[in-house]
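One letter stands for each residue in the lines below.
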Amino acid sequence: MTDARLTLITRPGCHLCDVAKEAIERISAATGERWVEVDVSADRELEAEYGDRVPVTLLDGKEHGYWRVEEERLLRDLTKPK
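This write-up is about the structure you can find in this document. Here the structure is a predicted model, which means the values were calculated and not measured. (Residues numbered from 1 in each chain as written. Predicted model: local features only at pLDDT ≥ 70, side-chain atom pairs only at ≥ 80, totals over all residues. Heavy atoms only, no water.)

Below, the discussion takes up helix α1 (residues 15–31). With 17 residues, α1 should reach 24 Å at 1.5 Å per residue; the first-to-last C-alpha distance of 25 Å fits that figure. Listed in full, the buried residues belonging to α1 are C17, A20, A23, I24, I27 and S28. Each buried residue of α1 lies within a common arc of 140 degrees when the element is viewed along its axis, so the set occupies one face. The outward face of α1, more than 90 degrees from its buried face, is lined by the exposed residues H15, A29 and A30. Residues of α1 that are buried in the fold lie against β1 (6–10), β2 (35–39), β3 (56–59) and α3 (71–79). After α1 finishes, the residue G32 shows a positive phi value of roughly 80 degrees. (Helix = DSSP H or I, 4+ residues; strand = E, 2+ residues; numbered from the N terminus. Expected span 1.5 Å × (residues − 1). Buried < 20%, exposed > 50% of the residue type's maximum accessible area, 1.4 Å probe, protein only. Arc of directions from axis to C-beta. Contact = heavy atoms within 4.5 Å.)

Set out below in structure tokens:
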């Protein structure tokens, strides 16, 4: 299990995923939060759950958004108590 609060579920060759990674990297740089990337195509359960909605952002293991990273909202939610 990872101690990263942010997870980005992606798929190889996904342009929106590349854009989302850039956003997550900006947020990580600003907050110091670690993040991990997970390939949806490598996990049948994730594929069944998220399918074509990638990229999907998870915060503390819960879906925070998909297709686009709402940077201001994510920054705000990262500062809220767990």
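Attention shifts here to the sheet that holds strand β4 (residues 62–66). On the basis of which strands lie adjacent, the open sheet formed by four strands has the order β2-β1-β3-β4 and mixed pairing. Each having just a single partner strand, β2 and β4 make up the two edges of the open sheet. Within this sheet the neighbouring strands show an average axis-to-axis angle of 25 degrees, counted without direction. Summarising the sheet, β1 and β3 pair through four bridges and their orientation is antiparallel. From the neighbouring strand, I9 faces β3, where its bridge partner is V56. Lying on the sheet, α1 is in contact with β1, β2 and β3; it crosses β1 at an angle near 170 degrees. α3 rests against β1, β3 and β4 of the sheet, and its axis sits at about 15 degrees to β3. (Pairing = 2+ DSSP bridges. Axes fitted to C-alpha atoms, helices over the stretch in contact; angles between N-to-C directions.)

The next subject is the side chain of H64. Within the element layout of this structure, H64 appears in strand β4. Filtering out sequence-adjacent residues up to four positions away, H64 remains in contact with T57, L58, L59, R73, L74 and D77.

Attention now moves to the pattern of salt bridges. Counted by the stated rule, this structure contains 12 salt bridges. Residue R26 is joined to E71 by a salt bridge in which the shortest nitrogen-to-oxygen separation is 2.6 Å. With R26 in helix α1 and E71 in helix α3, this residue pair connects regions lying 45 residues apart in the sequence. Classification of E71 by relative accessible area gives partly exposed; the value is 25%. Across the salt bridge formed by E63 and R53, the nearest N and O atoms sit 2.9 Å from each other. With a gap of 10 residues between them, E63 in strand β4 and R53 in the loop between α2 (44–50) and β3 connect regions that are remote in the sequence. Here R53 falls in the partly exposed class, since its relative accessible area comes to 23%. Salt bridges here are not isolated pairs; linked through shared partners, they connect E70, R73, R76, D77 and K80. (Salt bridge = Lys/Arg side-chain N within 4 Å of Asp/Glu carboxyl O.)

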